[in-house]
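A closer look at the structure
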Amino acid sequence: LSRSLAKVFAWVIALLRPRHLTLAGRLALLGDEFLACTVEHTCSLVLPDLVRATTCALETTENLVAVGAVAKAVQQELGII
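We now turn to the structure provided with this report. Keep in mind that this is a model prediction, so the values were computed, not measured.

**Things to note about a nonpolar patch on the surface**
A contiguous nonpolar surface patch, about 400 Å² in accessible area, is contributed by V70, V74, L78 and I80. Structurally, V74 can be placed in helix α4 (residues 64–78).

Here it is in structure tokens:
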């Protein structure tokens, strides 16, 4: 499973060059070891320096959409977007 997800990570990192990737939903419940394994496999598909420049984290919040909406509203209120 981590090898398959690494292909997705590789595409996102290579094309979008994000500073951060968050693994959410049921896959996040697989834990830190799963994420580390996925990142390791990603390094074999994309330049390792690009992968290392992207921080990766797990998010197990059940209602991530609501959390994102609140974060966006706070950013707008503070004028930082």
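**Points about the pairing of strand β1 (residues 20–24)**
By the alternation rule, side chains of β1 split into L21 and L23, which are all buried, and H20, T22 and A24, of which none is buried. The sheet contact formed by β1 and strand β2 (residues 55–59) spans five bridges and is parallel. Bridge pairing links A24 to E59 in β2.

**Regarding the pattern of salt bridges**
This structure, assessed with the given rule, holds one salt bridge. Of the charged contacts, one joins D49 and R52 as a salt bridge, the two residues approaching to 2.9 Å between their closest N and O atoms. Note that D49 and R52 are positioned in helix α3 (residues 48–52) at a spacing of three residues, about one turn of the helix. With a relative accessible area of 60%, D49 lands in the exposed category. A relative accessible area of 60% means that R52 is categorised as exposed.

**Observations regarding helix α2 (residues 32–43)**
Within an α-helix, residues lying three or four positions from one another point in the same direction, as the helix has 3.6 residues per turn. A rise of 1.5 Å per residue sets the reference length of α2, with its 12 residues, at 16 Å; its end C-alpha atoms lie 17 Å apart and thus fit the reference within 8%. Within the sequence span of α2, burial applies to F34, L35, T38, H41 and T42. Seen end-on, α2 carries its buried residues on one side only, within an arc spanning 125°. Opposite the buried face of α2, by more than 90 degrees, sit the exposed residues D32, E33 and E40. Buried-residue contacts for α2 involve α1 (2–16), β1, α3 and β2.

**Quick notes on the side chain of T54**
Structurally, the position occupied by T54 is in the loop between α3 and β2. Of note is the side chain of T54, whose polar atom sits 3.1 Å from the backbone oxygen of L50. Excluding anything up to four places from it in sequence, T54 contacts I13, P18, R19, H20 and L21.

Conventions we followed
- Residues numbered from 1 in each chain as written.
- Predicted model: local features only at pLDDT ≥ 70, side-chain atom pairs only at ≥ 80, totals over all residues.
- Heavy atoms only, no water.
- Patch = residues over 30% accessible without salt bridge, like charges linked within 9 Å, V, L, I, M, F, W, Y side chains within 5 Å.
- Areas by Shrake-Rupley, 256 points an atom, 1.4 Å probe, with all protein chains shown as cover.
- Salt bridge = Lys/Arg side-chain N within 4 Å of Asp/Glu carboxyl O.
- Helix = DSSP H or I, 4+ residues; strand = E, 2+ residues; numbered from the N terminus.
- Buried < 20%, exposed > 50% of the residue type's maximum accessible area, 1.4 Å probe, protein only.
- Pairing = 2+ DSSP bridges.
- Expected span 1.5 Å × (residues − 1).
- Arc of directions from axis to C-beta.
- Contact = heavy atoms within 4.5 Å.
- Polar contact = N/O pair within 3.5 Å; in protein donor to acceptor, adjacent residues only side chain to side chain.

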